[in-house]
Amino acid sequence: MIPYGRQEITDSDIDEVEKVLKSDFLTQGPVVPKFEKVVANYCGASYAVAVNSATSALHIACLALGLEKGDYLWTSPNTFVASANCARYCGAGVDFVDINPDTFNINVEALSEKLKVAEKKGKLPKIIIPVHFAGQPSEMEAIHKLSKKFGFKIIEDASHAIGASYNEIKVGSCVHSDITVFSFHPVKIITTGEGGMALTNKKDLADKMYRLRVHGITYDKGTMHQRPKNEIWNYQQIELGFNYRMNDIQAALGLSQIKRLDHYITKRHNIAKRYNKEFESLSIKTQKQLPGFYSSFHLYSACFKENKNTEIQKKIYDTLRKNGIAVNVHYIPVHRHPYYENLGFKKEDFPEAEKFYRESISLPIYPSLSYQQQDFVLQSLASVLKNI
Ligand SMILES: *Cc1c(COP(=O)(O)O)cnc(C)c1O
């Protein structure tokens, strides 16, 4: 079976993990801070907080920015549910902004219009989470400008996009956001098995996220509350946090993987180039790459125009799967999940995201996908299209 994405684990990855397994610390040792430093340096951010998933990172990012009951968080409907669930964990409301039909990312004009309406109603969002779909950055300069005008905070959900950049700005540098979140799930660009990270340039946000990762505990004398002189306090829980730690076994894998990050993205670009060429000649729509933007190509989506009679998407999906190619669809628009429908969202609330969901297929793209396997994917696809 050829999956739509998969990890690559090398012997040196295994050696690095083994070193930790034979060491004194499986968790809370020296490797997590080392991994944090390497990722922060790679991205050009001041602080990095490693956690056990991107979902956890999104949660503590929202808490650090003060999201609470009565607040609103807006994101793209074309994403994994975690980008919206983080608001619900904080008791806040969620709303969505439809996608741009060319980039499949949040539509900046629609966002601007929605903000104007929300301002009149006195219901502006506290946080907006642009999602860098498939690894292509959202239009951060424009979104950042809107944040200055309307006073919201920005968390970039860059779960797909470590290694990506726009106009020479690395995703994760937080030049146009408060916090950026990465995922290290095995299907993403680099992996720690499970894991995530939140990056920021703001010390107060970093301190808060470090604390929320460990139960709300501080070891910092200056942050601790005053106690009677004769009591020995070396730590205090000063707020309610979680056990969201990444362990040293995971961080060792991440440290070893990140050495190959740029190489991986080059390989992903080479596959995308081949697919692009094929689809251009067939006039099949794919994700528009904005000038000056460099995607990390976590996903490769191709759109097959809706046609009520033939159900092209389903036919391609079923036939390729029968041929051993596990294509997928990203994403079921978040508002169409029963949990969100129960909050009042309806079919056709965000028509572009729904159209994309009905038309797109995610084709296999990952560093170890061989040239022959790429041929097989393209040939299988061509033969389905011929028979439609
Ligand atoms: C994978 C993913 C997440 C969640 O990542 P985990 O590390 O599995 O928690 C969040 N947002 C997006 C867009 C994702 O693709």
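What counts as what
- Residues numbered from 1 in each chain as written.
- Predicted model: local features only at pLDDT ≥ 70, side-chain atom pairs only at ≥ 80, totals over all residues.
- Heavy atoms only, no water.
- Buried < 20%, exposed > 50% of the residue type's maximum accessible area, 1.4 Å probe, protein only.
- Helix = DSSP H or I, 4+ residues; strand = E, 2+ residues; numbered from the N terminus.
- Pairing = 2+ DSSP bridges.
- Near = heavy atom within 4 Å.
- Polar contact = N/O pair within 3.5 Å; in protein donor to acceptor, adjacent residues only side chain to side chain.
- Areas by Shrake-Rupley, 256 points an atom, 1.4 Å probe, with all protein chains shown as cover.
- Nonpolar A, V, L, I, M, F, W, Y, C, P; charged D, E, K, R; others polar.
- 1 Å grid on protein atoms, 1.4 Å probe; cavity = no way out; pocket = protein on both sides within 12 Å on 5 of 7 lines; lining within 4 Å.
- Points joined across faces, edges and corners; volume = space filled by probe spheres on them.
- Axes fitted to C-alpha atoms, helices over the stretch in contact; angles between N-to-C directions.
- Right-handed = clockwise from strand over helix to strand, strands pointing away.
- Parallel < 35°, antiparallel > 145°, perpendicular 65-115°, else oblique.
- Contact = heavy atoms within 4.5 Å.
- Phe/Tyr/Trp six-rings, centres within 6.5 Å; stacked < 30°, edge-to-face > 60°.
- Core = buried A, V, L, I, M, F, W, Y, C linked by side-chain atoms within 4.5 Å.
- Domains from an automatic or database assignment.

### Some thoughts on the pairing of strand β9 (residues 196–200)
With respect to burial, β9 is a largely interior element, 5 of its 5 residues being buried. Here β9 shows two buried faces, one formed by G196, A198 and T200 and the other by M197 and L199. Relative to β9, strand β1 (residues 47–51) runs antiparallel, the two sharing 5 bridges. Bridge assignment links V49 to a residue of β9, and that residue is A198. Where strand β8 (residues 179–183) lies against β9, 5 bridges are found, and the strand directions are antiparallel. When the sheet's bridge partners are listed, T180 is paired in β9 with L199.

### Section: the site of the ligand
Close to the ligand lie 15 residues; T55, D157, H160, S183 and K188 are nearest. One of the side-chain nitrogen or oxygen atoms of S159 is found 3.3 Å away from a nitrogen atom of the ligand. Taking S183, its side chain carries an N or O atom lying 2.8 Å from an oxygen atom of the ligand. Out of a free accessible area of 380 Å², the ligand has 93% covered by protein chains. Across the shell around the ligand, the residue classes tally to 5 nonpolar, 8 polar and 2 charged.

### Side note on empty space enclosed by the protein
Using the criterion set out here, one finds 3 cavities of 30 Å³ or more in the structure. In this structure, the largest cavity occupies an estimated 70 Å³ of space. As for the largest cavity, its lining consists of I99, P101, F104, K285, C303, E352, K355, F356 and E359. Here the lining of the largest cavity takes 4 residues from helix α12 (residues 351–359), the largest share from any one element. In terms of residue class, the lining of the largest cavity is built from 5 nonpolar, no polar and 4 charged.

### Looking at the sheet that holds strand β2 (residues 72–75)
Pairing is mixed across the open sheet formed by 7 strands, whose spatial order is β1-β9-β8-β5-β4-β2-β3. If you trace the sheet from one side to the other, it starts and ends with β1 and β3 (93–96), each paired once. If you compare each strand with its neighbour and ignore which way they point, the axes differ by 20° on average.

### Notes on helix α4 (residues 82–89)
Residue pairs spaced three or four apart in an α-helix point in one direction, given the helix's 3.6 residues per turn. Counting buried positions along α4 yields 6 of 8 residues, so the element is predominantly enclosed. Among all positions of α4, only A82, S83, A84, N85, C86 and A87 are buried. Looking one or two residues past α4, G91 carries a phi angle of roughly 80°, positive in sign.

### A look at the pairing of β3
Residues in a regular strand project their side chains so that they alternate between the two faces of the sheet. Of the two faces of β3, the one carrying G93 and D95 and the one carrying V94 and F96 are both buried. Both β2 and β3 contribute to a ladder of 4 bridges, which runs parallel. Directly across from Y72, in β3, lies its bridge partner G93. One crossover worth recording links β2 to the parallel β3 by way of α4, and it is right-handed.

### Looking at the environment of H215
Residue position: H215 is located in the loop between α7 (203–213) and β10 (217–218). For H215, a relative accessible area of 32% puts it in the partly exposed group. In this structure the C-alpha to C-alpha distance between H215 and K386, which are 171 residues apart in sequence, comes to 58 Å.

### Section: the packing of helix α5 (residues 108–121) against helix α6 (residues 140–150)
Contact geometry for α5 and α6: axes closest at 11 Å, N-to-C directions at 10°. Relative to α6, the element α5 is oriented roughly parallel. When α5 is examined against α6, the residues V108, L111, S112, L115, K116 and E119 are found in contact with a partner set consisting of A142, I143, L146 and F150. Partitioned by chemical class, the residues of the contact of α5 with α6 number 7 nonpolar, 1 polar and 2 charged.

### Focus on the packing of aromatic side chains
A full pass over the atoms with the stated rule returns 17 aromatic pairs. Centroid distance Y219 to Y235: 5.9 Å. Interplanar angle 40°. Geometry classified as tilted. Pair noted here: Y219 is in the loop between β10 and β11 (236–237) and Y235 is in the loop between β10 and β11, with a separation of 16 residues, a long-range link. Overall, the relative accessible area of 54% leaves Y219 in the exposed class. Ring centres of Y339 and Y340 lie 4.9 Å apart, and the angle between their planes is 85°; on these two criteria the pair is classed as edge-to-face.

### A word on the nonpolar core
Grouped together as the largest cluster of nonpolar side chains are 48 residues, with contacts concentrated most on V39, F182 and L199. Per element, the largest residue contribution to this core is 6 residues, and it comes from helix α2 (residues 31–43). Split by domain, this core shows at least three residues from each of two domains, domain 1 (2–258) and domain 2 (261–386). Dropping the residues within four chain positions of it, V39 is found in contact with I162, F182, M197, L199 and I258. Core analysis: the next-biggest nonpolar cluster, separate from the first, contains 46 residues, C62, I179, A198 and Y331 among them.

### A short note on the sheet that holds strand β14 (residues 300–303)
Taken in spatial order, the 3 strands line up as β12-β14-β15 in an open sheet, and their pairing is antiparallel. For this open sheet the edge positions go to β12 (285–286) and β15 (360–363), each flanked by a neighbour on one side alone. With 4 bridges joining them, β14 and β15 adopt antiparallel strand pairing. By the bridge assignment for β15, C303 is matched with S360.

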